[in-house]
Amino acid sequence: MPDLPATGPSAGSVHKESDNALVSELNLILVGPPGAGKGTQAEKLTEDFGLPYFATGNILRAAVADGTELGKKAKEYMDAGELVPDDVIIGVILEALEGEEASDGFLLDGFPRTVPQADALGEALQKVGRKLSGVLLIDVPDDEVVKRLSGRRTCVKSGHTYHVDFDPPKHDEVCDQDGSRLVQRDDDQPDTIRKRLAVYHEQTEPLVEYYEGRDLLRRFDGSRSPTDVHDHVRATVATLRLEDEL
Ligand code: ADP
Ligand code: ADP
């Protein structure tokens, strides 16, 4: 497993050199069932807080589209609505976090999704004297997930999502932001949605207790409007940052 680089002081941020020193970086995770609105909220949060964003689903879909080794390993699991094996995904995400881009903080979406992934992330951060600032759980009931994912449309270029009823694009099947084509993801089909939900409850939901026990979990009612959810999440993240600076 690759080590994360030690982080040195840089403009506008303070990094810790030991357990007693201050940290003012935001290292955040978004957790929640498929379709909870993690990507929708991430887009707003990255703007609010200037955080680099790493979404494992986007990274994996790009790898599949490019036909890379990672994509070849991941495709059959993704098509079946199953998780890509831990040993495939952990290396990818820790490598991304090693980069300069993530050295002042990050927003992770879709990782960790299992307890071994959470352990690997925690250990890698600890090794370089960093820690998580908070884990943002956006929760919605299963029937809402099914409605959201069945109507989701995704921009082929930016990954921005729309919903045919809740957030339709101005012109059918075309992204408002860049005019690219909108598609329905292969795994946003009824059978695969049900499988992904089952996988979430079985393999990812234990992370709620895991992070609650570490006093990192913050819960949000994802069934509210995107603006309401955003207001709550933004206020919480602003508080986390303040607490960290104190
Ligand atoms: P959603 O945003 O709808 O929850 P994602 O785009 O995050 O879905 O993920 C799509 C698929 O990519 C998952 O069903 C899974 O196959 C794979 N995947 C994404 N993140 C991980 C991860 N951390 N571990 C294993 N598989 C993952
Ligand atoms: P995730 O990244 O958790 O899989 P997305 O952000 O892609 O979820 O959202 C899933 C679908 O639900 C998209 O079609 C999106 O437009 C829609 N959506 C997101 N947030 C809300 C919300 N608060 N209320 C209604 N629909 C939403």
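All of these numbers come straight from a predicted model, not from anything done at the bench.

(A) Region of the structure containing the environment of Ile93. With respect to the helices and strands, the residue Ile93 is situated in helix α4 (residues 86-98). For Ile93, a relative accessible area of 0% puts it in the buried group. When neighbours within four sequence positions are excluded, Ile93 is seen to be in contact with Phe54, Thr56, Ile59, Leu108 and Phe111.

(B) Inspection of the sheet that holds strand β5 (residues 152-155) at higher detail. If you trace the 3 strands from one edge of the open sheet to the other, you get β6-β5-β7, paired in antiparallel fashion. Both outer strands of the open sheet, β6 (161-163) and β7 (182-183), are each paired with one neighbouring strand and no more. Pairing of β5 with β7, which is carried by 2 bridges, proceeds in the antiparallel orientation. Residue Thr154 lies in a different strand from β7, and its bridge partner there is Val183.

(C) Region of interest: the side chain of Asn27. With respect to the helices and strands, Asn27 occurs in strand β1 (residues 26-31). The class for Asn27 is buried, based on a relative accessible area of 0%. Within polar-contact distance, the side chain of Asn27 engages the backbone oxygen of Lys131 at 2.8 Å. Look past the residues within four positions of Asn27 in its chain and what remains in contact with it is Gly105, Phe106, Arg130, Lys131, Leu132, Ser133 and Gly134.

(D) A look at the domain arrangement of the protein chain. Domain annotation of the protein chain identifies domain 1 (15-140 + 200-245) and domain 2 (141-188). Taken over C-alpha atoms, the centre of domain 1 sits 22 Å from the centre of domain 2. The interface of domain 1 with domain 2 comprises 14 residues on the first partner and 11 residues on the second. Buried surface at the junction of domain 1 and domain 2, summed over both partners, amounts to about 990 Å²; 44% is from carbon and sulfur atoms. Our count for the contact surface shared by domain 1 and domain 2 stands at 0 salt bridges. For the interface between domain 1 and domain 2, the tally reads 5 residue pairs in polar contact (both at pLDDT 80 or more). Partitioning the side of domain 1 that touches domain 2 into residue classes produces 5 nonpolar, 6 polar and 3 charged.

(E) The sheet that holds strand β8 (residues 217-221), seen in detail. With parallel pairing, the 5 strands of this open sheet are ordered in space as β2-β3-β1-β4-β8. The two strands at the open ends of the sheet, each matched to only one other strand, are β2 (53-55) and β8. Across the sheet, the mean angle from the axis of one strand to that of its neighbour is 20°, orientation sign disregarded. When β2 meets strand β3 (residues 105-109), the two strands line up parallel, connected through 3 bridges. Its bridge partner being in β3, Phe54 is matched across the sheet by Leu108.

(F) View of the site of ligand 2. Around ligand 2 sit 18 residues, and of these Gly35, Lys38, Thr40, Arg152 and Tyr162 come closest. Thr40 has a polar side-chain atom sitting 2.6 Å from an oxygen atom of ligand 2. Considered on its own, ligand 2 offers 560 Å² of accessible surface; in the complex 92% of this is hidden by protein. At the level of elements, α1 (38-49) and β6 are the ones that each hand at least two residues to the shell around ligand 2. Here the residues of the shell around ligand 2 are counted per class, giving 6 nonpolar, 8 polar and 4 charged. Among the domains, domain 1 (15-140 + 200-245) and domain 2 (141-188) are the pair contributing at least three residues each to the shell around ligand 2.

Reading the values: the criteria
Residues numbered from 1 in each chain as written. Chains lettered and ligands numbered in written order. Predicted model: local features only at pLDDT ≥ 70, side-chain atom pairs only at ≥ 80, totals over all residues. Heavy atoms only, no water. Helix = DSSP H or I, 4+ residues; strand = E, 2+ residues; numbered from the N terminus. Buried < 20%, exposed > 50% of the residue type's maximum accessible area, 1.4 Å probe, protein only. Contact = heavy atoms within 4.5 Å. Pairing = 2+ DSSP bridges. Polar contact = N/O pair within 3.5 Å; in protein donor to acceptor, adjacent residues only side chain to side chain. Domains from an automatic or database assignment. Buried area = accessible area lost by both parts, 1.4 Å probe. Salt bridge = Lys/Arg side-chain N within 4 Å of Asp/Glu carboxyl O. Nonpolar A, V, L, I, M, F, W, Y, C, P; charged D, E, K, R; others polar. Axes fitted to C-alpha atoms, helices over the stretch in contact; angles between N-to-C directions. Near = heavy atom within 4 Å. Areas by Shrake-Rupley, 256 points an atom, 1.4 Å probe, with all protein chains shown as cover.

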